[in-house]
Amino acid sequence: MSINTRSQLYIIIVALSAIGAAVASLWQWPIEQTGASLWQIGALALVAAVTGRFPIKLSRQAEASLLIVALFMAALLIHPALAVLVAAIGALISEMLLKAPLRAMAFNMGVNSLAAGLAGIVFMALSPQSAFTLTQGHMLAAGAAGLTLYSANLLLVGGMLTLRKGMGYWSQWKNTFAFE
């Protein structure tokens, strides 16, 4: 199987997993009528698009964006299925503005959506059922959701890098980032 075929299969699996996370969260926690409003979803998607559109140059070979902040806000503030939607819309808009190739656009949409959905699920599962306040239970749930978002993003991107470049990439990565 060629590298491109494996990459496309990986992208499809990630995208289907994001859809699966949304469906599972809807099954476990149906969206109530008093849930997130359309303006909240639109505002979070806009923040995700803007933060993804303007990456920050970290070094000669690395850049990052504040998109993870928008995804974290979505995971904490709205239903996990809606967080998946916000992440997909935000990533699509920012990738289109960056003129990314279709494959990169699909991959980033899938990774961001799955990470936001998983973080939302972790937050919903661990947070106390009372109203959202700054209690210890909510803070622990938010911390677990943030760790889930960060870990899922790193693991999914690492999976694609391993698929495309092989295991030797990690020693090169370690040497480059240790130097810089």
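Scoring rules and cut-offs
Position labels on residues start from 1 in each chain and follow its written sequence. A pLDDT threshold of at least 70 governs which residues receive local features in this predicted model, and a stricter bar of 80 or more applies before side-chain atom pairs are shown or counted, although totals over entire chains, interfaces and linings include all residues. Each side-chain value is worked out from all heavy atoms of the structure, with water and hydrogens disregarded. In this text, helices come from DSSP runs of H or I with a minimum length of four residues, and strands from runs of E with a minimum of two, each type numbered from the N-terminal end. Three exposure classes are used, based on accessible area relative to the maximum for each residue type with a 1.4 Å probe and protein chains only: buried under 20%, partly exposed in between, and exposed over 50%. Note on contacts: a residue pair is in contact if any heavy atoms of the two residues lie within 4.5 Å. A 1.4 Å probe and the Shrake-Rupley method give the accessible areas. Residues count as covered only by the protein chains that appear here. Each residue after the first adds 1.5 Å to the expected span of a helix. Definition of a polar contact: a pair of N or O atoms within 3.5 Å, with one able to donate and the other able to accept a hydrogen when the atoms are protein atoms, and with sequence-neighbouring residues admitted only if both atoms are side-chain atoms.

> Outline the overall build of the chain, listing residues and values.
Helices and strands together make up the secondary structure of the chain, namely seven helices and two strands. Ordering the α and β elements of the chain from the N terminus gives α-α-β-β-α-α-α-α-α. Going through the 180 residues of the chain one by one, you find that 36% of them count as buried. The contacts of the chain with a sequence gap of at least 6 include a subset with a gap of at least 24, amounting to 70%. Accessible area for the chain stands at about 10600 Å²; split by element, carbon and sulfur atoms hold 70% of it.

> Talk me through helix H6 (residues 136-165); I want residue IDs and the actual numbers.
The terminal C-alpha atoms of H6, which comprises 30 residues, lie 43 Å apart, in line with the 44 Å expected from a rise of 1.5 Å per residue. By the burial criterion, the buried members of H6 are His138, Ala141, Ala142, Ala145, Leu149, Ala152, Asn153, Leu156, Gly158 and Met160. Two residues or fewer past H6, glycine 166 is found with a positive phi of approximately 85 degrees.

> Give me the side chain of histidine 79: which residues, what numbers.
Relative to the elements of secondary structure, histidine 79 occurs in the loop between helix H3 (67-77) and helix H4 (80-97). A polar side-chain atom of histidine 79 sits 3.0 Å from the main-chain amide nitrogen of alanine 81. Apart from residues lying up to four places away in sequence, histidine 79 is in contact with Ser25, Leu26, Trp29, Pro30, Ile31 and Met124.

So far we have only geometry, and geometry alone does not tell us how the molecule works.
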